[in-house]
Amino acid sequence: MTVITWPLEGIRIKLIKGITAHNMNLGIAGKKCGTIILSAEELGNCRDSATMQFCANKLDKKDFFGKSDPFMVFYRSNEDGTFTICHKTEVVKNTLNPVWQSFTIPVRALCNGDFDRTIKVEVYDWDRDGSHDFIGEFTTSYRELARGQSQFNVYEVTLLSFSVESECTFLDYIKGGTLSYQVVIHLAFTPSLGNPSQSTSLHYMNPYQMNAYAMALKAVGEIIQDYDSDKMFPALGFGAKLPPDGRVSHEFPLNGNMENPYCNGIEGILEAYHQSLKTVQLYGPTNFAPVVNHVARYAAAVQDGSQYFVLLIITDGVISDMAQTKEAIVNGAKLPMSIIIVGVGQAEFDAMVELDGDDIRISSRGKLAERDIVQFVPFRDYMDRTGNHVLSMARLAKDVLAEIPDQFISYMKSRGIKPNPSPPPYTPPGHTHHTQI
């Protein structure tokens with residue numbers, strides 16, 4: 001849907017309950033369900049983020065039993081005079097003298113880069129039923145906060161600390177040549193995928209068209225290959241018996257070369273994959289932990305920001321070592337690495353969604369992952385009804401790469417690694433740059 005409106009005007013859309021075909025025939029109007037109001041404001045080009053911490057003293061006692069459970073709500077003022085919530089602090093239980101944790105917020109979200117724009121702050125007493133009791137409010141501005149304006153109104157809300165940092169973007173690191181990506185590809189060779197000689201198998205060796213695994217590998221591989229500068233990919237398989245002794249391996253090279261598992265481009269990986277299907281035996285179990293730990297060992301050796309590792313796992317969603325995989329991911333979250341899991345086939349992917357950690361951050365033995373490093377993508381969502389062609393490469397590319405830049409930035413920021421300065425623009429020999437006055 002495209003919405004066009006005058007600046008500051010916005011648009012109001014009435015919501016109605018869906019009308020069934022039966023109701024439509026009878027001419028019964030849909031039930032009114034309220035109004036949604038859409039408004040927009042052009043964002044300023046400000047990349048700073050502000051980190052601040054507040055405390056308060058002698059707040060009103062709002063609870064009959066006990067004291068208060070205070071929290072703060074920050075509002076950005078809009079161009080039309082209204083206010084929009086931009087941050088809520090955590091609730092500090094049972095105290096009239098709370099000290100809230102420090103928080104970081106983009107300056108654009110706080111005041112859209114307008115340092116004198118009003119910022120309204122309200123303090124509430126939290127109630128379980130959602131009917132929070134209003135304690136008080138004050139107004140300030142980014143400029144006042146940056147100057148260290150310390151106390152606000154009679155409630156003695158105090159600004160304990162305030163700092164500003166310019167946020168580096170993914171493009172800043174690319175321009176500065178600060179990093180190089182190493183893409184590592186792992187394919188599952190486990191019995192849940194079916195016998196490759198049968199058409200029901202996801203590894204079916206069809207002489208006329210690519211199987212589901214090959215399609216996923218080609219489609220996703222062509223998207224992420226541009227992250228790898230030399231296009232030489234270490235490609236490995238896991239969960240298969242290897243000739244000649246039938247040893248089970250969870251990190252065997254698809255090209256059969258233990259000393260040099262690198263394949264030249266996506267086509268090289270596809271060729272090695274098809275050769276592997278002819279020589280190895282699908283066996284199991286489907287263990288992800290050895291795969292994650294394999295890449296983590298290399299990432300642990302290069303933590304200066306010069307390299308970042310992207311592990312691509314293509315699987316049918318079955319996993320035999322969930323607890324060990326969670327532990328490996330929690331440990332890997334400290335390292336310069338990300339994991340993309342592509343689910344192939346029609347199975348349930350509940351375990352893969354859990355590993356993704358978008359809703360609930362992965363934890364192991366009571367230890368929370370330092371950052372989210374996993375992105376799960378079900379490949380079937382991007383295929384047409386015949387199951388033969390990728391429906392939308394643009395949409396697939398967007399979802400596959402959706403979290404990589406932020407995951408990379410979160411690692412670099414946690415280690416205090418800044419991008420190198422961008423090189424000066426190239427000037428051909430014999431040409432002099434003239435500035436027009």
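Here we summarise the structure given alongside this text.

Criteria and thresholds
- Residues numbered from 1 in each chain as written.
- Predicted model: local features only at pLDDT ≥ 70, side-chain atom pairs only at ≥ 80, totals over all residues.
- Heavy atoms only, no water.
- Helix = DSSP H or I, 4+ residues; strand = E, 2+ residues; numbered from the N terminus.
- Buried < 20%, exposed > 50% of the residue type's maximum accessible area, 1.4 Å probe, protein only.
- Contact = heavy atoms within 4.5 Å.
- Areas by Shrake-Rupley, 256 points an atom, 1.4 Å probe, with all protein chains shown as cover.
- Core = buried A, V, L, I, M, F, W, Y, C linked by side-chain atoms within 4.5 Å.
- Axes fitted to C-alpha atoms, helices over the stretch in contact; angles between N-to-C directions.
- Parallel < 35°, antiparallel > 145°, perpendicular 65-115°, else oblique.
- Left-handed = near helix turned anticlockwise from the far one by under 90°.
- Nonpolar A, V, L, I, M, F, W, Y, C, P; charged D, E, K, R; others polar.
- Pairing = 2+ DSSP bridges.
- Expected span 1.5 Å × (residues − 1).
- Salt bridge = Lys/Arg side-chain N within 4 Å of Asp/Glu carboxyl O.
- Phe/Tyr/Trp six-rings, centres within 6.5 Å; stacked < 30°, edge-to-face > 60°.
- Lys NZ or Arg CZ within 6 Å of the ring centre and 35° of its normal.

1. What to know about the overall build of the protein
The helix and strand tally for the protein stands at 11 helices and 22 strands. In the protein, buried positions account for 44% of the 437 residues. In the protein, the proportion of contacts linking residues at least 24 apart, taken out of those at least 6 apart, comes to 72%. Per element, the accessible surface of the protein, about 23,900 Å² overall, is 52% carbon and sulfur.

2. Describing unusual backbone geometry
Cis geometry is found at the peptide bond from Pro243 to Pro244, where omega equals 0°. Mapped onto the secondary structure, Pro244 falls in the loop between β13 (240-242) and β14 (247-249). Each neighbour pair has its own omega, and for Gly284 with Pro285 the value is 0°, a cis peptide bond. Positionally, Pro285 belongs in the loop between β17 (281-282) and α7 (289-300).

3. Comments concerning the nonpolar core
A general feature of soluble globular proteins is that nonpolar side chains tend to end up buried together. In terms of nonpolar packing, the biggest core is built from 86 residues, with Phe189 and Ile339 touching the most fellow members. Counting residues per element, this core draws most heavily on helix α5 (residues 212-224), at nine residues. Membership of the second largest hydrophobic core comes to 25 residues, among which are Ala56, Phe74, Val121 and Val157.

4. A closer look at the packing of α5 against helix α6 (residues 265-279)
The description of two packed helices rests on the angle between their axes and on the distance between the axes. Closest axis-to-axis distance for the α5/α6 pair is 10 Å, and the angle between their directions is 160°. The orientation of α5 with respect to α6, classified from their angle, is roughly antiparallel. Where α5 crosses over α6, the two elements pack in a sense that is right-handed. Contacts between α5 and α6 involve Tyr213, Ala214, Leu217, Lys218, Gly221 and Glu222 from the former and Ile266, Glu267, Ile269, Leu270, Tyr273 and His274 from the latter. For the contact of α5 with α6, a count of residues per class yields seven nonpolar, two polar and three charged.

5. Comments concerning the sheet that holds strand β4 (residues 70-77)
Pairing in this open sheet of four strands is antiparallel, and the strands run β5-β4-β7-β8 from one edge to the other. Every other strand in the sheet has two partners, leaving β5 (83-88) and β8 (133-141) as the edge strands with one partner each. Taken pair by pair, the neighbouring strands of this sheet meet at an average axis angle of 30°, ignoring direction. Summarising the sheet, β4 and β5 pair through five bridges and their orientation is antiparallel. Pairing of Phe74 across the sheet is with His87, part of β5.

6. Considering the sheet that holds β13
With respect to topology, three strands assemble into an open sheet ordered β14-β13-β17, the strand pairing being antiparallel. Here the strands that pair on one side only, and so sit at the sheet edges, are β14 and β17. When β13 meets β14, the two strands line up antiparallel, connected through three bridges. Paired with Leu242 across the two strands is Arg247, which belongs to β14.

7. With respect to α7
Taking 1.5 Å as the rise per residue, α7 with 12 residues should run 16 Å; its terminal C-alpha atoms sit 16 Å apart, in good agreement. Within the sequence span of α7, burial applies to Ala289, Val291, Val292, His294, Val295, Ala296 and Ala299.

8. Focus on the pattern of salt bridges
Inspection of every chain in the model, using the stated rule, returns 12 salt bridges. Of the charged contacts, one joins Arg117 and Asp114 as a salt bridge, the two residues approaching to 3.9 Å between their closest N and O atoms. A salt bridge links Glu251 to Arg297, with the nearest nitrogen and oxygen atoms 3.3 Å apart. One end of the pair, Glu251, is in the loop between β14 and β15 (252-253); the other, Arg297, is in helix α7, and 46 residues separate them in sequence. Residues participating in the shared-partner salt-bridge network are Lys218, Glu222 and Glu267.

9. Thoughts on the packing of aromatic side chains
Throughout the structure, instances matching the rule amount to 17 aromatic pairs. In this structure, Lys120 packs its charged tip against the face of Tyr75, placed 5.0 Å from the ring centre. When the ring centre of Phe83 is taken as reference, the NZ or CZ atom of Lys120 above it lies at 4.5 Å.

10. Some remarks on the side chain of Thr325
Positionally, Thr325 belongs in helix α8 (residues 322-332). Every residue in contact with Thr325, bar those within four places of it in the chain, is listed here: Phe288, Ala289, Ile319 and Leu355.

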